[in-house]
Amino acid sequence: MSRVFSSNPDKAWVEKVFLLYSPVWMLSMAVMVLTGWGEQWGDTAMLAHAVLTAVPILVLPMLLAGRFSERPWRDSYWLKVNLYLGLFSFFGNYFGSEYFFDVLGMVYVYPNVTTNLDAALLGSGEQQVPLIMYFYTHAFFMTYHATANIALRVLGNLRLPAMGLLFPVFVFVIGYLWAWIETKAMANPLMASSFYYRDMEAMLAYGSAIYATYFIASFPIYYFVDETPARRWSLTQTAAGALAASMLTFYLLDFATHWVGAL
């Protein structure tokens, strides 16, 4: 049977915590949507919910580290990947959202949310990014990257011929799948009053491939963070990896814009 979790025990237990927490934050988001709380709450309540959604990704491993790991906290996998996800999520919202607004036709409608943060120069400036999205994205990306790690590890351990050529194909397929699932899940009738795409069919067909550029750039870098005990990354290397993934995504988004134009 192919190995599912990392051979590095400090990484393996964190991946398990992330997988266990993933349905919790998904349920929390679903309850907020189904009850309509997201439209009733004010800015402070929405921001509190967003922060409480993201904080366990850092706090749970921090509290459990003494039981499952002997690594000092500065060299812990849970700290490194939270740093990575924080930097990459910031890029995705601050800069990447502008491409979703102006190229892919994404629309945010949050009149009850007044705290925003986005690029000053990039994009048309017709829409703003609510601060809550930075925290929600941290949770989304945690699950996407943790499951991608497992999928890539299992596929890699199959030792298929031409694995060097198949690896980027697997990365694209996994990235496209998550991009399509998120698009379909978020842009649904229950959220139509606060979040939608101007052309949903085009977004699912072409936009999801463009969204997948985030993961094409990030999954291979994230995968190798502390993958083996003998090759541990420093916090500086991890930050550099996240920033490299961000810059690669920036290039890919802009190249894609030349190709697709505005949906």
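None of these values were measured; they are calculated from a predicted model.

(A) Representation of the layout of surface pockets within the structure. Each pocket or cavity is described by its volume, and for the largest pocket that value is around 330 Å³. Counting residues per element, the ones that place at least two in the lining of the largest pocket are α1 (9-35), α5 (132-157) and α6 (163-186). Per element, the largest residue contribution to the lining of the largest pocket is six residues, and it comes from α1. Partitioning the lining of the largest pocket into residue classes produces 14 nonpolar, one polar and one charged. In terms of lining, the second largest pocket is formed by Arg3, Ser7, Arg153, Gly156, Asn157, Arg159, Tyr223, Phe224, Glu227, Thr228, Arg231 and Trp233. Broken down by element, the residue count for the lining of the second largest pocket peaks at three residues, all from α5. Here the lining of the second largest pocket is built from residues that sort into three nonpolar, four polar and five charged.

(B) Spotlight on the packing of aromatic side chains. With the rule as written, the count across this model stands at 35 aromatic pairs. On the basis of an interplanar angle of 40° and a centroid distance of 5.0 Å, the ring pair of Trp25 and Phe140 is categorised as tilted. On the criterion of sequence distance, the pair formed by Trp25 in helix α1 and Phe140 in helix α5 is long-range, its members being 115 residues apart. You'll find Trp25 and Phe140 in the same group, each marked buried. Where Tyr94 meets Phe95, the ring centres are 4.9 Å apart and the plane angle is 85°; that geometry is what we call edge-to-face.

(C) Examining empty space enclosed by the protein more closely. In total, this model carries one cavity of 30 Å³ or more according to the counting rule given. Taken together, 16 residues form the lining of the largest cavity, with Asn93, Tyr108, Thr137, Glu182 and Tyr211 sitting closest to its centre. Broken down by secondary-structure element, the contributors of at least two residues to the lining of the largest cavity are α4 (77-102), β1 (106-108), α5, α6, β2 (195-197) and α7 (200-223).

(D) Main features of the environment of Tyr214. Examined against the element boundaries, Tyr214 turns out to sit in helix α7. The class for Tyr214 is buried, based on a relative accessible area of 2%. In the structure, Tyr214 is positioned 74 residues away from Phe140 in sequence and 13 Å away in space, judged by C-alpha atoms. If sequence neighbours within four positions are ignored, Tyr214 has contacts with Phe88, Phe91, Gly92, Gly96, Ser97, Phe100, Phe141, Thr249 and Leu253. Within the local environment of Tyr214, its side chain forms a polar contact with the backbone oxygen of Gly92, the two atoms lying 3.2 Å apart.

(E) Fine view of the side chain of Asp226. Mapped onto the fold, Asp226 is located in the loop between α7 and α8 (235-260). Within the structure, the side chain of Asp226 is placed 3.5 Å from the side chain of Arg232, a separation counted as a polar contact.

(F) View of α7. Within α7, the axis deviates most sharply at Gly207, by approximately 50°. Among the 24 residues in α7, 18 count as buried, and that is most of the element.

(G) The arrangement of the packing of α1 against α5 in detail. In the contact formed by α1 and α5, the axes pass within 9 Å of each other and the chain directions differ by 135°. The orientation of α1 relative to α5 falls into the category oblique. Relative to α5, the crossing made by α1 is left-handed. Residues Lys11, Glu15, Phe18, Leu19, Tyr21, Ser22, Trp25, Met26, Met29 and Met32 of α1 pack against Tyr136, Ala139, Phe140, Met142, Thr143, Ala146, Thr147, Asn149, Ile150 and Arg153 of α5.

Parameters and conventions
- Residues numbered from 1 in each chain as written.
- Predicted model: local features only at pLDDT ≥ 70, side-chain atom pairs only at ≥ 80, totals over all residues.
- Heavy atoms only, no water.
- 1 Å grid on protein atoms, 1.4 Å probe; cavity = no way out; pocket = protein on both sides within 12 Å on 5 of 7 lines; lining within 4 Å.
- Points joined across faces, edges and corners; volume = space filled by probe spheres on them.
- Helix = DSSP H or I, 4+ residues; strand = E, 2+ residues; numbered from the N terminus.
- Nonpolar A, V, L, I, M, F, W, Y, C, P; charged D, E, K, R; others polar.
- Phe/Tyr/Trp six-rings, centres within 6.5 Å; stacked < 30°, edge-to-face > 60°.
- Buried < 20%, exposed > 50% of the residue type's maximum accessible area, 1.4 Å probe, protein only.
- Contact = heavy atoms within 4.5 Å.
- Polar contact = N/O pair within 3.5 Å; in protein donor to acceptor, adjacent residues only side chain to side chain.
- Bend = angle between axes of the 7 residues up to and from the residue.
- Axes fitted to C-alpha atoms, helices over the stretch in contact; angles between N-to-C directions.
- Parallel < 35°, antiparallel > 145°, perpendicular 65-115°, else oblique.
- Left-handed = near helix turned anticlockwise from the far one by under 90°.

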